[in-house]
Amino acid sequence: MTSRIAVELNGRLYEGDVEPRTLLSDFIRHGAGLTGTHVGCEHGVCGACTVQLEGEPVRSCLMLAVQADGRSLRTVEGLAPAGGLHPIQAAFQERHALQCGFCTPGFLLSIEAFLRERPDPGAAEIREALAGNLCRCTGYRAIVEAVELAAERLRAGRGA
Amino acid sequence: MPGVAAVLTGADLEGRARPLPTGSVEDGVVADAGHPVLARGKVRYAGEPVAIVVARSRALAEDAAELVEVEYDPLEPVLDPRTAGGAPLLHDHVPGNVLVSWARTSGDVEGAFSRADRVVAQSFHIPRLVAAPIEARGAIARHEVREDVLTVWCSAQDPHRPLAQLGAALDRDPDRLRVVVPDVGGAFGSKGAVGVEVAAVAAAAVELGLPLRWTEDRAENFLSAYQGRGLDADVELALAVDGRILGLRAVLYADLGGYLYPTTAVAPHTTAMLLTGAYAIPAAAVQVIGAATTKVPTGPYRGAGRPEAAFLVERMVDLAARDLGLEPVELRRRNFVPPEAFPYETPMGWTYDSGDFERCLDTALELVGLDRWRAERERARAEGRLVGIGIGMYIERAGGLWESAEARLEPDGRLLVRTGSSPHGQGHETTFAQIAAEELGIDPAAVEVRWGDSLAGPAGVGTFASRSVAMGGSALVVALRELKERAAGAGVGVLELAASEGGLEVSARFGSGLVFASGAYVAVVEVRRATGRLEVLHLAAVDDSGRIVNPLLAEGQVLGATVQGLGQCLVEEAVHDEEGQLTTANFADYSLLTAAELPPIESRFVETLSPLNPLGAKGIGEGGAIATPAAVANAVADALAPIGVRHVDPPFTEPKLWRLLREAGA
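Residues numbered from 1 in each chain as written. Chains lettered and ligands numbered in written order. Predicted model: local features only at pLDDT ≥ 70, side-chain atom pairs only at ≥ 80, totals over all residues.

(A) Highlighting the overall build of chain A. Counting secondary structure elements, chain A contains five helices and five strands. Along the chain direction, N to C, the helices and strands of chain A fall in the order β-β-α-β-β-β-α-α-α-α. Over its C-alpha atoms chain A spans a radius of gyration of 16 Å, differing by no more than 12% from the 15 Å that the globule rule assigns to 160 residues. Along the first, second and third principal axes, the C-alpha set of chain A runs to 50 × 35 × 25 Å. Every one of the 160 residues in chain A was classed for burial, and the buried ones make up 53%. Sequence separation of at least 24 residues holds for 59% of the intrachain contacts in chain A that already meet a minimum separation of 6. (Helix = DSSP H or I, 4+ residues; strand = E, 2+ residues; numbered from the N terminus. Rg over C-alpha atoms; globule rule 2.2 N^0.38 Å. Buried ≥ 20, exposed ≤ 12 C-beta atoms within 10 Å, placed from the backbone. Contact = placed C-beta atoms within 7 Å.)

Rendered as structure tokens:
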């Protein structure tokens, strides 16, 4: 038994047939073929699968695909224009804020939403905001620095 | 069931898959107890694979797996490596449940202990840990029937060891097997040996004539991927009254689990070999008893035996300092292997190639601000607060064996490098391009680095033991120097020669003995009296990894390893219940540190160059995970000294410390 769902995925309409039990994360990866969203724990702790639903970060492993029907989703593939880097991605690269990179898409989607809400955060606030995403490689400090750098550039971009 | 292709058990794989090889230990006895691909008759731990369900989708496979009925007659669990010898046998042919045994004595140990003014003894328990890469394990296997070539793509640390391990398990010639390791989401030692699941998937792909994919979930990773650490130890130090260490004696009881993975025996042997640490100890006797227990096997996890060695010897040195009434800093200075002693052969028989341990310690003490923290500790104690300072020296065995590199310099000046070494987050692409660019004087952007395909790349040993730059990087240097010699012979530059000859190709293999990175970490902690909560106030990390090629990436390794080391101190512990069931099998029960829990960490490098390779490099991947637990453990013991606590084993969780505080009447 499957249901037909339609979602706006990174600004484009995507329709697909899913079983009611299909996780949103599996739908994104295997249905829509967007494998930039990574699956780390499937119990809502590691944050690797974080995507944005109507602009808000959610764990795609804790949602069913059918719950996203008729709504808009943004994944890491929708963060930057083709061939380019979003300012947060560029900051990650410059500050060496990723090593294996597996957790990175989840961090990026969490941080993008965070900086929209808090454009000028303090270091402690950044660390709190990052605490919903696990990284086993970097020890986080470079990620905190990348967020500071990205925030500064995004503010400057808005001011310009 | 529609959509289900097959259900295979151990009986179905009879004659098609053998247990994985067991590995070996120099001068040690290793039992013939390799991990079977699927269990036959007896399962030896909760989490051991018993059957494989092949279906069109994961959901269907999971539905079908629920219909597989396994009848278990419970056997007596064997959980404690100290008492496993008297427990029922896990393997009928392995007497005393001893999977690995090893012992070495060097110097007059008995004499040292009888001469000693003071003997310090302590027992230790280092819990098992879970490596927990955020990407769990997975593999795809496809068998081309006509050519009889089996291709396995797997999340592994390198293609070479899976190639050898799968070749042995499936009895398949290396030229009928291809292993591809694409981008890998972290490993930390846990993907150096292929899981038996990979062998099962590969065997099933051949058997069924279907391409198969296996991706484990997090619960499977906790239950079935080999774990790290798991060591009990009894250690004694013999000391003269002036603080000179005369001798060391130790028995190590390693909790190895139900079987031996190819790398299981490595960690306890490494612990034994490094047990004299940074100190010139003239006599030592160390015995390793690697016990079979009814738990998932252990294997390398970041540090792989070295954190255990650092924890044991560094705790012993602090206990000795306390018993002799000496400053821990001073006791260390009196016993360090001095800089002029290199190459220095330890009593256990490894030869440290280079180092300057006192300089590392001085750098770390300066970095942390020792005088300031000592004053702060006195102030805190006067107020009844529990603040402690701890030092963790470390030695990291790195490098060894060999690696290879191929390079092709195109007529237009682009350089294609193929390395046998392969990354899973370390940044080989950057580092190796930088090494090549520096050697040839070209732009790093003109260098392309490829790796990870057993068919397309040069042979290699693998990415482990922090050996990539020292071995793989050196192989690349050797190859490129040969290019430069060719050009010099022709009286032109390499770029000119490449342009005139339509490109140049070169390959090289580089081998050397072990190199030894080292360092000094200093931790300052406070234990909250009311709650037992441990706060790390400051951590200074000083690593001597020889020449640092890329400071940004090197610091990334230090910070990442240090935070893993902190996790081991603060929260991480794989807990099994009295029946041997893992009770910490998800990220809620086995927590990793988050960004919100970071203490201030400062990192510096001391560079004493290794004489064993052209880069002068040692290793950078593991120091933080090795030294941090030792430094924090010493700081915790220092903090709790005023209330009469002598020793605490990690992890230093709030409930554990709270109970200690209550017992001490604090």
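(B) Quick look at the overall build of chain B. From N to C terminus, chain B includes 16 helices and 22 strands. Computed over the C-alpha atoms, the radius of gyration of chain B is 26 Å, within 12% of the 26 Å expected from 2.2 N^0.38 for a compact globule of 666 residues. Overall, the C-alpha framework of chain B stretches about 75 × 75 × 50 Å when taken along its three principal axes. For chain B, with 666 residues in total, the buried portion stands at 56%. A sequence separation of at least 24 residues applies to 80% of the contacts in chain B between residues at least 6 apart.

(C) Quick look at unusual backbone geometry. Here the residue pair Phe342(B) and Pro343(B) is connected by a cis peptide bond, since its omega of -5° sits within 30 degrees of zero. Of note, Pro343(B) is situated in the loop between α8 (328–335) and β13 (344–345). With a phi angle near 55°, His96(A) is a residue other than glycine that sits in the positive phi range. Locating His96(A) in the fold gives a position in the loop between α2 (87–95) and α3 (104–117). Assessed through the 21 C-beta atoms surrounding it within 10 Å, His96(A) is described here as buried. Unusually for a residue other than glycine, Asn97(B) sits at a positive phi of about 55°.

(D) Spotlight on the sheet that holds strand β18 (residues 447–450) of chain B. Residues and elements named next belong to chain B. Strands sit in the order β18-β17-β16-β19 across an open sheet of four strands; the sheet is mixed. The open sheet has two edge strands with one neighbour each: β18 and β19 (504–511). Each strand axis lies, on average, 20° off the axis of its neighbour in the sheet, ignoring direction. Across four bridges, the pairing between strand β17 (residues 415–419) and β18 is parallel. Of the residues in β18, the one forming a bridge with Arg 418 is Arg 450. Here helix α11 (residues 428–440) sits on the sheet and contacts β17 and β18; the angle it forms with β18, its principal contact strand, is near 135°. On the sheet, helix α12 (residues 468–489) packs against β16 (402–409), β17 and β19 and is oriented at approximately 140° with respect to β19. (Pairing = 2+ DSSP bridges. Axes fitted to C-alpha atoms, helices over the stretch in contact; angles between N-to-C directions.)

(E) Region of interest: the pairing of strand β10 (residues 228–239) of chain B. All names here are of chain B. β10 sits mainly inside the fold: ten of its twelve residues count as buried. Strand direction decides the pairing type here: strand β5 (residues 118–129) and β10, joined by eleven bridges, are antiparallel. When the bridges of β10 are listed, Arg 128 appears paired with Arg 229. Pairing analysis gives nine bridges linking β10 to strand β11 (residues 245–257), with the strands arranged antiparallel. Each bridged residue has a counterpart across the sheet, and for Leu 231 the counterpart in β11 is Ala 254. Once β10 ends, the chain turns through five residues before running back antiparallel as β11, passing Gly 243 with a positive phi of about 95°.

(F) The arrangement of the pairing of β11(B) in detail. All names here are of chain B. The buried count for β11 comes to twelve of 13 residues, which makes it a mostly enclosed element. Pairing analysis gives ten bridges linking β11 to strand β12 (residues 283–292), with the strands arranged parallel. What sits directly across from Arg 249, in β12, is Ala 285. In this fold, the crossover linking β11 to β12 by way of helix α6 (residues 266–273) has right-handed handedness. (Right-handed = clockwise from strand over helix to strand, strands pointing away.)

(G) Inspection of the environment of Glu54(A) at higher detail. Residue and element names in this part refer to chain A. Residue placement: Glu 54 occurs in the loop between β3 (50–53) and β4 (56–59). Along the backbone, Glu 54 and Glu 19 are 35 residues apart, and their C-alpha atoms lie at a distance of 22 Å. Once residues lying within four places of it in the same chain are set aside, the contact partners of Glu 54 are Arg 71 and Ser 72.

(H) How the structure looks around the environment of Glu19(A). Along the chain, Glu19(A) falls in the loop between β2 (12–18) and α1 (24–31). Residues Glu19(A) and Ala65(A), spaced 46 residues apart in sequence, show a C-alpha to C-alpha distance of 8.4 Å. With sequence-adjacent residues up to four places away left out, Glu19(A) is seen in contact with Met1(A), Thr2(A) and Ala59(B).

(I) The packing of helix α7 (residues 306–324) of chain B against helix α15 (residues 623–640) of chain B, seen in detail. All names here are of chain B. Where α7 contacts α15, the axes come no closer than 8 Å and their chain directions differ by 30°. Regarding the angle of α7 to α15, the classification is roughly parallel. For the pair α7 and α15, the crossing hand works out as right-handed. Residue-level inspection shows Arg 306, Pro 307, Ala 310, Phe 311, Glu 314, Arg 315 and Asp 318 of α7 in contact with α15, the latter providing Ala 625, Ile 626, Ala 627, Pro 629, Ala 630, Ala 633, Asn 634 and Ala 637. Taken together, the residues that form the contact of α7 with α15 break down as ten nonpolar, one polar and four charged. (Parallel < 35°, antiparallel > 145°, perpendicular 65-115°, else oblique. Left-handed = near helix turned anticlockwise from the far one by under 90°. Nonpolar A, V, L, I, M, F, W, Y, C, P; charged D, E, K, R; others polar.)

(J) Main features of the nonpolar core. The biggest cluster of nonpolar side chains holds 270 residues, and the ones touching the most others in it are Ile143(A), Ala199(B), Ala202(B), Leu275(B) and Val636(B). In this view, Val636(B) contacts Gly388(B), Val525(B), Val527(B), Leu534(B), Val648(B) and Phe652(B); residues no more than four positions away in its chain are not counted. (Core = buried A, V, L, I, M, F, W, Y, C linked by C-beta atoms within 7 Å.)

(K) Structural context of α12(B). Counted at 1.5 Å a residue, the expected span for α12(B) with its 22 residues is 32 Å, and the 30 Å between its end C-alpha atoms agrees. Immediately beyond the C-terminal end of α12(B), within one or two residues, lies Gly491(B), with a positive phi of roughly 75°. (Expected span 1.5 Å × (residues − 1).)

(L) Summary view of the environment of Arg16(B). All names here are of chain B. Take Arg 16: it is sitting in the loop between β1 (4–9) and β2 (29–30). Classification of Arg 16 as partly exposed rests on a count of 16 C-beta atoms within 10 Å. Between the alpha carbons of Arg 16 and Val 37 there is a distance of 9.9 Å; along the sequence they are 21 residues apart. When residues no more than four places from it in sequence are discounted, the contact partners of Arg 16 are Ala 203 and Glu 207.

(M) Here's a closer look at the interface of chain A and chain B. Across the contact, 29 residues belong to chain A and 29 residues belong to chain B. Elements with a contribution of two residues or more to the side of chain A that touches chain B: α4 (123–130) and α5 (141–159) of chain A. Across the side of chain A that touches chain B, the residue classes tally to 15 nonpolar, seven polar and seven charged.

(N) Here's a closer look at the packing of helix α14 (residues 551–570) of chain B against α15(B). Residue and element names in this part refer to chain B. Put simply, α14 and α15 touch, their axes get as near as 7 Å, and they point 40° apart. Classed by the angle they form, the pair α14 and α15 counts as oblique. At the point where α14 passes α15, the crossing takes the right-handed sense. Residues Val 558, Ala 561, Thr 562, Gln 564, Gly 565, Leu 566, Gln 568 and Cys 569 of α14 touch α15, and the partners they reach there are Gly 623, Gly 624, Ala 625, Thr 628, Pro 629 and Val 632.

(O) Structural view of α1(A). All names here are of chain A. All buried positions along α1 are accounted for by Leu 24, Ser 25, Asp 26, Phe 27 and Ile 28. The inward-facing, buried residues of α1 abut β2 and β3. Looking one or two residues beyond α1, the residue adopting positive phi is Gly 33, at roughly 75°.

(P) Seen up close, the sheet that holds strand β6 (residues 138–144) of chain B. Residues and elements named next belong to chain B. Taken together, the four strands give an open sheet; going across it, the order is β8-β7-β6-β9, and neighbouring strands pair in mixed fashion. Since the sheet does not close on itself, it has two edges, and those belong to β8 (177–180) and β9 (212–215), each with one partner. Between one strand and the next, the sheet's axes are offset by a mean angle of 15°, whatever the strand orientation. With four bridges joining them, β6 and β9 adopt antiparallel strand pairing. Among the inter-strand pairings, Ala 139 is bridged to a residue of β9, identified as Trp 214. The sheet contacts of helix α3 (residues 160–170) involve β7 (149–154) and β8, and relative to β8 the element is tilted by about 145°. Sitting on the sheet, helix α4 (residues 196–208) touches β6, β7 and β9, and the angle it makes with β6 is about 25°.

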